[in-house]
There are 2 protein chains.
Amino acid sequence: MSPRLPLSDIVQNLPTSVPFVGPETLERRHGRPLQVRIGANESVFGVSPVAAAAMSDTINKLWMYNDPEAYELKKALAAHHGIAAQRLHVGAGIDEILGDVVRIFANPGDRVVTSLGSYPTFNYHVHGYGAALVEVAYVDDHTHLAGLAQAAHDADARMVYLANPDNPMGTWHNGADVAGLLAELPEDCMLILDEAYADFAPSAAIAPMEIADPRLIRTRTFSKAHGMAGARIGYAMAHEQVVAALNKVCNQFGVNRLAQVGALASLGDTGFIANVVQQVEGGRREYALLAKDLGLGHIDSATNFLNFDLGSGERARTALAGLLARDVFIRMPGKPPGDRCIRVTVGTPSQRATFADAFRATLATLPT
Amino acid sequence: MSPRLPLSDIVQNLPTSVPFVGPETLERRHGRPLQVRIGANESVFGVSPVAAAAMSDTINKLWMYNDPEAYELKKALAAHHGIAAQRLHVGAGIDEILGDVVRIFANPGDRVVTSLGSYPTFNYHVHGYGAALVEVAYVDDHTHLAGLAQAAHDADARMVYLANPDNPMGTWHNGADVAGLLAELPEDCMLILDEAYADFAPSAAIAPMEIADPRLIRTRTFSKAHGMAGARIGYAMAHEQVVAALNKVCNQFGVNRLAQVGALASLGDTGFIANVVQQVEGGRREYALLAKDLGLGHIDSATNFLNFDLGSGERARTALAGLLARDVFIRMPGKPPGDRCIRVTVGTPSQRATFADAFRATLATLPT
């Protein structure tokens, strides 16, 4: 019999859910290792050798707590983006920051707007703080900017979440249009602009860095182009009052020392990052050609992944299962109409070849 | 002018406070490096070479997100403690876990009991979730078990926090007495038993591992004896329903890959840990002799630090400032009567010698 625990009102009513099942969990269920891991938009091109060396050299300093102010990293990021260090908040990945952002703005019962089928971890935090989600359907596989603004007004929303470029679809809007969304939001509504994939995007997709609106919070990460997903480090750029509020609730010593040192070094290794971005572009082109060759559509992407269009949710789910049976790990958009696609991270050339073979074999088994 | 941000009701009313000023911040204020860093109870004896090698070997896998289930580490911890893996929750240090524990049990306005002058980070989380602290004075520099139980009843408290061995005092109770506290608590009141310093404590100070009471949550860390403070990894042992509740709100991919790999390796390097514990015991004895030599009292400790008794808060604060002026970083208990002491982490033999010289010189400047 379950004990009666004095859980808080919010947690009492919270369903058990995890935003993502990790690849290691899949491997344990699967009973054998996955051969190609291209499902979580990790950077198969790895971490900068400069960053790797910096982290390796820091292991002997790991007995020391980290600098909770992330002073050196913030200084470098401030110079990199041309903003004041007081406008930066460093966290243990965008995931942690999103949780803290929801926490500082949303009261239980408040409404929060996002796109239907967008980042599950954001939704997880919204539910976790007892707020209510309002979901706006994609239009032509793009986030619906006008719809998000309208929903924010209709629901008297506390915040809107927008990933640009978008995950899981890979599509993007021009930065000017994102700025336009911000202008259309209610006066007391924050815009969480998740730019996890900014490094891969055309510059036109990036909203102007000069936007001074205190309602804008942008998030960035070292998990994607910088190849440091396992290190857990990301940051927010926001009004300094927002940064101050985050600092009232965040896990103060939460960003580990190696991640801070590695991120600082990686930020300086611009040649490495440029090369990763170039390889990703090549991989996306190859995937687009593969789609054409297989008689499938695809969705143009400004990220390190590409969606292959299988035509229906059922076919996409079957394809995903077929790839997993062939030891290839991918994921797919969770909600219609995006769930007609499978989302494939750009792999190395040899991983892409393995994926292409497995995909071809899988497709051969699908009913036409 | 400050913008009007739509902050949540709780955060709106939250004062700006940080539980601890980090040594790096002190160095920046100080204008030069600290020569001896023995203020944060970090392990100056460093990390196990086995763990260091394991982490170094994992840097090339850092592009992958970590296993959110920390499966391998939980398996090893389960074997280590002789408990089921379902009773383990791994987090980014005890700090993160304490925040999540407060979150899953405390509604805004709920009362939470702790010792007056106990761990500030726990208090930070209690305030951060809008709960109210009830603080029970130490008795003879020991946490007051009967007082904590009484306060829990009087305040209809949702939880009680107890560090055993205690920080900042270093004192401890027998495990049987801790079990006795649990038995005295209200039926719907959780006991958060923070055992961060368990590795340094006599076995009698550890409450029986067999306690099945679902109200008991024990926390442990790799930040102390394991020398991995900068890696951010700790764990909770609790009823599996508590673990399930934590898993509904925690930062799912929050514990970085290097920390997981390093902790697993360090757990296996029992010889290294035993040696650290032995060196710490030797250092505590040396500090006690130093106190006697200087004509000061000290407080017996079951941790990796020792309190020197300066007789008054004013003298202790002056001594702390004098040590900092001599580039020695220590901390001190924040509340009377503990604030008559300075709290000194066990350093290496050479650090202890430097500290002894600086302390002697500082004392010579204090009014008698």
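Residues numbered from 1 in each chain as written. Chains lettered and ligands numbered in written order. Predicted model: local features only at pLDDT ≥ 70, side-chain atom pairs only at ≥ 80, totals over all residues.

On to the sheet that holds strand E6 (residues 190–194) of chain B, then. Residues and elements named next belong to chain B. Read across the open sheet, the 7 strands follow the order E2-E8-E7-E6-E5-E3-E4; overall the sheet is mixed. Both outer strands of the open sheet, strand E2 (88–91) and strand E4 (132–136), are each paired with one neighbouring strand and no more. The average angle at which neighbouring strand axes cross in this sheet is 20°, direction not considered. Sheet topology places E6 next to strand E7 (residues 216–221); 4 bridges connect them, and they run parallel. (Pairing = 2+ DSSP bridges. Helix = DSSP H or I, 4+ residues; strand = E, 2+ residues; numbered from the N terminus. Axes fitted to C-alpha atoms, helices over the stretch in contact; angles between N-to-C directions.)

Further remarks concern the interface of chain A and chain B. The interface is formed by 73 residues belonging to chain A together with 73 residues belonging to chain B. Every element with two or more residues in the side of chain A that touches chain B is listed here: helix H1 (9–12), helix H2 (23–30), helix H3 (49–58), helix H5 (93–105), helix H9 (240–249) and helix H10 (257–268) of chain A. For the side of chain A that touches chain B, a count of residues per class yields 36 nonpolar, 22 polar and 15 charged. (Contact = placed C-beta atoms within 7 Å. Nonpolar A, V, L, I, M, F, W, Y, C, P; charged D, E, K, R; others polar.)

Attention now moves to the relation of the copies chain A and chain B. Least-squares fitting of chain A to chain B yields an RMSD of 0.0 Å, with the transformation described by 0.0 Å of translation along the axis and a rotation of 180°. Taken together, the rotation and translation relating the two chain copies correspond to the operation of a two-fold axis. Considering only C-alpha atoms, the part of chain A nearest the rotation axis is A:Ser56, at 2.9 Å. Residue by residue, 100% of the interface of chain A is reproduced at the interface of chain B, so both copies engage with the same surface. (Least-squares fit on C-alpha atoms with pLDDT ≥ 70 in both.)

Next up on the list: the sheet that holds strand E12 (residues 341–345) of chain B. Residues and elements named next belong to chain B. Here we have 3 strands laid out as an open sheet, ordered E9-E10-E12, and antiparallel in their pairing. Where the open sheet ends on each side, the last strands, each with one partner, are strand E9 (297–299) and E12. For this sheet the average axis-to-axis angle between neighbouring strands, irrespective of direction, equals 30°. Strand direction decides the pairing type here: strand E10 (residues 305–309) and E12, joined by 5 bridges, are antiparallel. Across the sheet, Phe305 pairs through a bridge with Thr345, a residue of E12.

So, on to the pairing of strand E5 (residues 159–163) of chain A. Residue and element names in this part refer to chain A. Counting buried positions over the 5 residues of E5 gives 5, a clear majority of the element. The two faces of E5 match: Met159, Tyr161 and Ala163 on one face and Val160 and Leu162 on the other face are all buried. Two strands pair when backbone bridges link them, and strand E3 (residues 111–115) and E5 are joined in this way by 2 bridges, in the parallel orientation. Residue pairing for E5: Val113 is matched across the bridge by Val160. Relative to strand E6 (residues 190–194), E5 runs parallel, the two being bridged by 5 bridges. Pairing of Leu162 across the sheet is with Leu193, part of E6. Note that the unit made of E5, helix H8 (residues 175–184) and E6 has a crossover that is right-handed. (Buried ≥ 20, exposed ≤ 12 C-beta atoms within 10 Å, placed from the backbone. Right-handed = clockwise from strand over helix to strand, strands pointing away.)

With that settled, the discussion passes to the domain arrangement of chain A. All names here are of chain A. By the assigned domains, chain A splits into domain 1 (20–46 + 271–365) and domain 2 (49–268). One C-alpha centre belongs to domain 1, the other to domain 2, and the line joining them spans 25 Å. Each side of the interface is counted separately: domain 1 has 24 residues, and domain 2 has 23 residues. Those elements giving two or more residues to the side of domain 1 that touches domain 2 turn out to be helix H11 (270–293) and strand E10 (305–309). (Domains from an automatic or database assignment.)

Okay, the environment of B:Gln252 next. Relative to the helices and strands, B:Gln252 is located in the loop between helix H9 (240–249) and helix H10 (257–268). For the pair formed by B:Gln252 and B:Pro68, sequence separation is 184 residues and the distance between their alpha carbons is 5.7 Å.

Residue and element names in this part refer to chain A. Among the structural elements, Ser48 can be located in the loop between strand E1 (36–37) and H3. Taking the C-beta count within 10 Å as the criterion, Ser48 has 25 such neighbours and is therefore assigned buried. Separated by 185 residues in sequence, Ser48 and Ile233 have C-alpha atoms that sit 15 Å apart. Setting aside its immediate chain neighbours within four residues, Ser48 contacts Ala265, Ser266, Asp269 and Phe272.

Another aspect to go through is the packing of helix H5 (residues 93–105) of chain B against H9(B). Residues and elements named next belong to chain B. The contact between H5 and H9 brings their axes to 10 Å, and the two run at 100°. Between H5 and H9, the angle falls in the class roughly perpendicular. Side by side, H5 and H9 meet where Asp100, Arg103 and Ile104 of the first sit next to Ala245, Leu246 and Val249 of the second. In the contact of H5 with H9, the residues fall into 4 nonpolar, no polar and 2 charged. (Parallel < 35°, antiparallel > 145°, perpendicular 65-115°, else oblique.)

It is worth spelling out the packing of H3(A) against H10(A) at this point. All names here are of chain A. Their axes nearest at 8 Å, the elements H3 and H10 cross at an angle of 150°. Comparing the axis directions of H3 and H10 gives the class roughly antiparallel. Crossing hand, H3 versus H10: right-handed. Here H3 contributes Val50, Ala51, Ala54, Met55 and Thr58 to the contact with H10, which in turn contributes Arg257, Leu258, Val261, Gly262, Ala265, Ser266 and Gly268. For the contact of H3 with H10, the per-class residue count stands at 7 nonpolar, 4 polar and 1 charged. (Left-handed = near helix turned anticlockwise from the far one by under 90°.)

In the segment running from A:Pro336 into A:Pro337, the intervening peptide bond is cis, with an omega of 0°. With respect to the helices and strands, the residue A:Pro337 is situated in the loop between strand E11 (328–329) and strand E12 (341–345). Following B:Asn167, the chain continues into B:Pro168 via a peptide bond in cis, with omega recorded as 20°. Structurally, B:Pro168 is set in the loop between strand E5 (159–163) and helix H8 (175–184). With phi around 45°, A:Ala70 is a residue other than glycine that occupies positive phi space. Examined against the element boundaries, A:Ala70 turns out to sit in the loop between H3 and helix H4 (71–81).

Time to look at the confidence of the model for chain A. Detailed conclusions should not be drawn from predicted coordinates in areas where pLDDT is low. The predicted model of chain A averages 97 in pLDDT, with 100% of residues at 70 or higher. Scoring the predicted complex yields pTM 0.98 and, for the interface, ipTM 0.97. (pLDDT = per-residue confidence, 0-100.)

Residues and elements named next belong to chain B. Considering the arrangement of structural elements, one finds Asp339 in the loop between strand E11 (328–329) and E12. Here Asp339 falls in the partly exposed class, since 19 other C-beta atoms lie within 10 Å of it. Distance in space between the C-alpha atoms of Asp339 and Pro168 is 9.8 Å, their sequence separation being 171 residues. Beyond its immediate sequence surroundings of up to four residues, Asp339 is in contact with Gly313, Ala316, Met332, Pro333 and Gly334.

A separate point is helix H7 (residues 145–155) of chain B. Residues and elements named next belong to chain B. Every buried residue of H7 is listed here: Leu145, Leu148, Ala149 and Ala152. One side of H7 holds all its buried residues, which, seen down the axis, span an arc of 100°. In this structure, the buried side of H7 is in contact with strand E3 (111–115), E4, E5 and H8. Positive backbone phi, approximately 50°, marks Asp156, located one or two places after H7. (Arc of directions from axis to C-beta.)

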